[in-house]
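Here is what each chain is made of, one letter per residue.
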Amino acid sequence: MAASIETTQQVQEMGERTYKYGFVTEIETETAPKGLSEDIVRFISAKKEEPAWLLEWRLKAYRRWLEMPEPKWANVTFPPIDYQDSYYYSAPKTMDGPNSLDEIDPELLRTYEKLGIPLKEQEILAGVTGVAVDAVFDSVSVATTFKGKLEEQGVIFCPISEAIREHPELVRKYLGSVVPPGDNKHACLNSAVFTDGSFVYIPKGVRCPMELSTYFRINAANTGQFERTLLIADAGSYVSYLEGCTAPMRDENQLHAAVVELIALDDAEIKYSTVQNWYPGDKNGKGGIYNFVTKRGACRGRNSKISWTQVETGSAITWKYPSCILQGDNSVGEFYSVAITNNYQQADTGTKMIHIGKNTRSRIVSKGISAGHAQQTYRGLVKISAKAEGARNHTQCDSLLIGDRCGAHTVPYIESKNRSAIVEHEATTSKISEDQLFYCRQRGLSEEDAVALVVNGFCREVLQQLPMEFAVEAQKLVSISLEGSVG
Amino acid sequence: MDSLLEIKNLHARVDGKPILKGLDLVIPTGEVHAIMGPNGSGKSTLAYVLTGRDGYEVTEGEVLYKGRDLLTLTPEQRAGEGMFLAFQYPVEIPGVPNTTFLKEALNAQRKYRGEDPLDAMEFVKLMRRKTKELGISDDLIKRQVNVGFSGGEKKRNEVLQMAILEPTLAVLDETDSGLDIDALKIVAEGVNALRAPDRSALIITHYQRLLEYIVPDRVHVLAHGRIARSGGKELAIELERTGYAAFAEAAA
Amino acid sequence: MPESASPTTAQSFVAQFGALRDTLPGAGLPWLRELREDGIARFAKLGLPGPKVEAWKYTRLRPLERIGFVPAGAAAQVDLDKLPALLPHTGVGHRVVFVNGRLRQCLALLADQPEGVELGGLADALRHDPDPLAAELGRNGNGARARDGQPLFALNTAMMQDGLVLRVRRGISVALPIEVIYVGAPGPEPVAFHPRNLIVLEPGARATVVEHHIGLGAGAYFANGGTDIRIEEGAQLHHYKIQDEGPEAIHIATTHVELARDALYDGFILSKGARLSRQEVAVQLAGEGSECHLNGAYMLRGEQHCDITTTIDHLAPRTSSREVFKGVIDDQARAVFQGRITVHRDAQQSNGHQLSKALLLSDRAEIDAKPELEIFADDVKCSHGATVGDLDRDALFYLRARGIPEAAARDILIEAFLAETINNIAAEGLCPALMSSIGHWLGGTTGRTEP
């Protein structure tokens, strides 16, 4: 929590309270014509040199998408999206799949350096567990580090476009098996036009030797980002995966509709962490990313475990429900979430825990902080099917309000058909107490630092779930996100 | 001897209700003063007015601290100037470890004074030394700020914070209430350890007991929002014998 | 029971309204005519609630749709002396009986009733003194949520014929409970009726109303009740309801409660009867410092479906609400609990607490719970909790280890579980009656105290 003071300094040094990652990289790009049609879908597929089955899969999704209504359940408002006013493919021109890191455009390397993402493997000190990074810039993956080292263990970590070429059998088997194209309109659009994303396969019994990480960056204007992540943990394996996201400050809204599918087989464990810091729009609510993401994991195997941790501070609108389908007996699903909305941000986020197997367990910890004019909703489903003998769920949802123009909503759905299952849900809403603030200030902390400290404490249970490097970053984000919310 | 704190004709109200009604008090640098008084006489109000809590409105009078106007400063500026309040009811801050809280506080104060922050190692060393001196267990500092602490633990934690922050003026608001004798001794040791020619303390208490361990230079009786009587340490003993009845009548 | 060939649809109710329109009570009153027309238009537009209406997400009206209902006539023959009573005669000030939605009897059981209590039937009131009713009957169901989510309340507004009208004048305290018995008496054809109740407590007034809904016989009938309650400044209403309708009954009840400054509403629902029931209570804490307790218990078995839906709106500063619902669900029964607490922007320093607990007693029982918090004010304390599970195994083992057979041990634990919601009931004599009702349910009979 030293972070809060440090953060305030950093922000003040910048001279203005703005989004730190809001710069634009000047780089030559190749872009598909604006708008969406079957031709664009064909263009993307051709660009990626995809097999015929995938093109058919995309086209089927596209045709379905045309018919589907926009999802209506979320407590968010925005003008209808003009899907024809966006580019669906944008790639740095020189970047048609570099063979080595040396081939990467130096401008891109500088961009990731500025973002604090190491794309040079040698920067990582010997003896320290490294982080392998897949960097996705607009529509394509520009670099993946440590591929060689991972390959020694049989771990596949590469752009999904590469996996489609190199490991078609794995992709074909699992793609769309957790999130079918027709799941919802946003996932359907993604299925039609996804351009890149990460693919991970952890072989049987392998504990992935380092954290895997994907870093998403939207750069080009008027461009949607539709990445697709597919992660398979084979029997007895373990992987911890991180994703981070930023975008330049632009006045118009940009659409980000990603799909993430996780599959955990017998005794496998996947830990999936997200620090989402897309551009949230300015303080008057202009601009920002529409973050409409479908994330779902299937615990297919016995004793498997999927744990989602998310820190959501960015985006104008966040719409996401990382979920777990607990099919395997004794499988475990977890969802730890911190969502912070300030100014005019809106977030409707939560999880679904679908208990199917026996003795399945799930745990949900959601911490929501609303400030300014922001509206935030926790929306969750815990469903216990009739066969889920001995299932257990515990849910804790806490909301904190800062100021009297924001709102916090808690909408849990609990459906149980099994008498031996135990479901417990608790939710609270409160504000930061005057007593706490005064106590901190009496000890010398400024009001903003006091708020950051109390909020970080409020989120601690979730932040603790993050890998160390991310936890520190996340604490800073918590503080920055609340800048200007008090006083 | 310069005075560290000078309160002149202080009037203050809470929720529109006058509580302090012309309080005068001078605490010279290096002295320990005690304020005693019946319940509702305005003791805690004085502590909050001095530390700048919202809702405690000064309507008249002035307070000079180190010769400067205290009342225009924010609570954190006052803390940075070396003013420390040991709370009567220390506040719980869930999720924030005690060590983090103290390090943040100490470095914020150091920054205010233009000093370099302590790094993690230096801070841990300081913390270890202070807990050892005060006989406070390591367990206490690892836990979340005051969360699930017993009454005694909370008060010990206040004293530990005081020892680490080394205030110029420590204000103890009924720190002795509800303490057993061992805890009381820890509190007293904490205050006595800070006694120095350049530091002062203001001990607010209802009972004389604490003053057996922290011998004050002066004792004041606060009744109906004013200092009704002042004297040496023997005044506390007299009050213990006679009670506050005389002061209740005097102002009734 | 002969089931009518044509099933019930929204259109069949609209047609019934068309046929009855000119004979309904107060047909000559322009304001009432307008109100009824507005109600039927709204109902026709919304239709019978389906899965797309979020407020009806978990409750389908299939049992209603399968049967063709006809409007209840005045003919039902019921021997009033043989009606089961919940409370002993000595504990009741007034007893009012409705049969198939129509007033049959209104008795003051004790001679020295206080002045200032106006008690009677809606049909009479519309005939003799309709003017004071105009403002009250049109008051509720106009909010955005009610407009879309309460089609059956709109239908009630269109079709209402009779019901309870209670007004307690300023400062009057009615010491003894007013017992209202609603009898469903199925005839040769399945009947539908739409009673509308109105309770107004003037400033400082106090009253206790005990509603007892019972069914005679096993036939199907559709009771679609509506209730408007207004509690003025500083007044207090204790409102206890026991729903013990017949096994094939469909019981829908929509209650709107509006509280002024420092008023108190203490509501309780025990739900054990009916094939399908939905009890919706919407409370508006409109006056500063007003307070609401809303508690209840439900016991379901067979193929019963019970839906408890509550919405509590904190509209003014320093309002508070406390809500506890507990239920046990056996066999293939299904329970739905939807509870929403909304704290609006002006309702600073309010607090709202809600708890829903359910026990599933069988492998085919189901519970769906949706507790919601919607908070727009920052200086508030709100919480909700929901648990679903089976009986505590440790407790069960403990009892068995002391020699109590398993079945008896289960009953003891279930009874204790439900009793918690009943303990705070203020009406004398009602607690034991409710406990014995629970006891009878556990014993597998429909427990009623004979008079």
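Residues numbered from 1 in each chain as written. Chains lettered and ligands numbered in written order. Predicted model: local features only at pLDDT ≥ 70, side-chain atom pairs only at ≥ 80, totals over all residues. Heavy atoms only, no water.

J.: Talk me through the overall build of chain B; I want residue IDs and the actual numbers.
T.: Counting secondary structure elements, chain B contains nine helices and ten strands. Computed over C-alpha atoms, the radius of gyration of chain B comes to 18 Å, within 12% of the 18 Å expected from 2.2 N^0.38 for 252 residues, which places it in the range of a compact globule. Its C-alpha atoms give chain B principal-axis dimensions of roughly 55 × 40 × 35 Å. A burial count over chain B gives 55% of its 252 residues as buried. Total accessible area computed for chain B in this model is approximately 11000 Å², and 48% of it derives from carbon and sulfur atoms. The centroid of the 32 positive side-chain charges in chain B is displaced by 2 Å from the centroid of its 37 negative side-chain charges. (Helix = DSSP H or I, 4+ residues; strand = E, 2+ residues; numbered from the N terminus. Rg over C-alpha atoms; globule rule 2.2 N^0.38 Å. Buried < 20%, exposed > 50% of the residue type's maximum accessible area, 1.4 Å probe, protein only. Areas by Shrake-Rupley, 256 points an atom, 1.4 Å probe, with all protein chains shown as cover. Lys, Arg positive; Asp, Glu negative; His and termini not counted. Charge placed at Lys NZ, Arg CZ, Asp CG, Glu CD.)

J.: How would you sum up the sheet that holds strand β2 (residues 17–28) of chain B? Please name residues and give values.
T.: Residues and elements named next belong to chain B. In space, the four strands of this open sheet follow the order β2-β1-β4-β5, with antiparallel pairing throughout. For this open sheet the edge positions go to β2 and β5 (68–69), each flanked by a neighbour on one side alone. Bridge analysis of strand β4 (residues 56–65) against β5 gives two bridges, and the strand direction is antiparallel. Paired with leucine 64 across the strands is aspartate 69, a residue of β5. Each of β1 (3–14), β2 and β4 is contacted by helix α1 (residues 43–51), which is oriented at about 110° to β1, the strand it contacts most. (Pairing = 2+ DSSP bridges. Contact = heavy atoms within 4.5 Å. Axes fitted to C-alpha atoms, helices over the stretch in contact; angles between N-to-C directions.)

J.: Break down unusual backbone geometry for me, with residues and values.
T.: Positive phi, close to 50°, is recorded for asparagine 9 of chain B, a residue that is not glycine. Inspection of the secondary structure assignment puts asparagine 9 of chain B in strand β1. One non-glycine residue, aspartate 331 of chain C, lies in the positive phi region at around 50°. The class for aspartate 331 of chain C is partly exposed, based on a relative accessible area of 34%.

J.: Can you lay out the sheet that holds strand β7 (residues 169–173) of chain B for me, pointing to particular residues and giving the numbers?
T.: All names here are of chain B. The sheet built from six strands is open, its strands ordered β6-β7-β8-β3-β9-β10 with mixed pairing. Each edge of the open sheet carries a strand with a single partner, namely β6 (83–86) and β10 (226–231). Neighbour-to-neighbour, the strand axes of the sheet open up by a mean angle of 20°, direction not taken into account. Across the face of the sheet, helix α6 (residues 151–165) comes into contact with β6 and β7 while running at roughly 170° to β6.

J.: Go over the packing of helix α9 (residues 434–442) of chain A against helix α10 (residues 447–463) of chain A, please, and point to the residues and values.
T.: Residues and elements named next belong to chain A. Remark: α9 packs on α10, axes separated minimally by 9 Å, with the N-to-C direction vectors making an angle of 120°. Classified by the angle their axes make, α9 and α10 are oblique. For the pair α9 and α10, the crossing hand works out as right-handed. For the pair α9 and α10, the contacting residues are Gln436, Leu437, Cys440 and Arg441 in the first and Glu447, Ala450, Val451, Leu453 and Val454 in the second. (Parallel < 35°, antiparallel > 145°, perpendicular 65-115°, else oblique. Left-handed = near helix turned anticlockwise from the far one by under 90°.)

J.: Talk me through the interface of chain A and chain B; I want residue IDs and the actual numbers.
T.: Chain A puts 24 residues into the contact, and the matching count from chain B is 34 residues. Here chain A and chain B share an interface that buries about 2400 Å² over both sides, 61% of which is from carbon and sulfur atoms. Summed over the shared surface of chain A and chain B, the number is three salt bridges. Glutamate 158 of chain B is paired through a salt bridge with arginine 443 of chain A; the nearest N and O atoms lie 2.7 Å apart. The tally of links between chain A and chain B comes to 13 residue pairs in polar contact (both at pLDDT 80 or more). Of all elements in the fold, only α1 (2–13), α9 and α10 of chain A reach the threshold of two or more residues within the side of chain A that touches chain B. Per-element accounting of the side of chain A that touches chain B gives the leading share, eight residues, to α9 of chain A. Class assignment of the residues belonging to the side of chain A that touches chain B gives a composition of eleven nonpolar, seven polar and six charged. (Buried area = accessible area lost by both parts, 1.4 Å probe. Salt bridge = Lys/Arg side-chain N within 4 Å of Asp/Glu carboxyl O. Polar contact = N/O pair within 3.5 Å; in protein donor to acceptor, adjacent residues only side chain to side chain. Nonpolar A, V, L, I, M, F, W, Y, C, P; charged D, E, K, R; others polar.)

J.: Can you lay out the interface of chain A and chain C for me, pointing to particular residues and giving the numbers?
T.: Chain A puts 31 residues into the contact, and the matching count from chain C is 37 residues. Taken together, both faces of the contact between chain A and chain C bury some 2800 Å²; the carbon and sulfur share is 46%. Per-residue buried area on chain A facing chain C is highest for Tyr413, Ile414 and Arg419 of chain A; these three make up 24% of the total on that side. At the boundary of chain A with chain C, the tally comes to three salt bridges. Going through the elements one at a time, β23 (407–416) and β24 (422–431) of chain A are the ones with two or more residues in the side of chain A that touches chain C.

J.: Run through α1 of chain B, naming residues and quoting values.
T.: Residues and elements named next belong to chain B. Across the nine residues that make up α1, a large majority, eight, are buried. All of the buried residues in α1 are Lys43, Thr45, Leu46, Ala47, Tyr48, Val49, Leu50 and Thr51. Remark: glycine 52 follows α1 within two positions and exhibits a positive phi of approximately 85°.

J.: Could you give an account of the pattern of salt bridges, with specific residues and numbers?
T.: Throughout the structure, instances matching the rule amount to 66 salt bridges over all chains. Note that lysine 417 of chain A is salt-bridged to glutamate 366 of chain C, the shortest N-O span being 3.7 Å. Of this pair, lysine 417 of chain A sits in the loop between β23 and β24 while glutamate 366 of chain C sits in strand β20 (residues 366–375), placing the two residues on different chains. By relative accessible area, lysine 417 of chain A is classed as partly exposed at 36%. Note that glutamate 258 of chain C is salt-bridged to arginine 139 of chain C, the shortest N-O span being 2.8 Å. Taken together, the residues span a long stretch of sequence, with glutamate 258 of chain C in strand β12 (residues 250–259) and arginine 139 of chain C in the loop between α5 (131–137) and α6 (144–149) at a distance of 119 residues.

J.: Describe in detail the side chain of asparagine 224 of chain C, supporting the description with residues and values.
T.: Residue and element names in this part refer to chain C. Looking at where asparagine 224 falls in the secondary structure, it is placed in strand β10 (residues 221–231). For asparagine 224, a relative accessible area of 0% puts it in the buried group. Reaching out from asparagine 224, the side chain makes a polar contact with the side chain of histidine 194 at a distance of 3.1 Å. Ignoring any residue separated from it by four or fewer positions in sequence, one finds asparagine 224 in contact with Leu152, Leu155, Asn156, Phe193, His194, Pro195 and Ile252.

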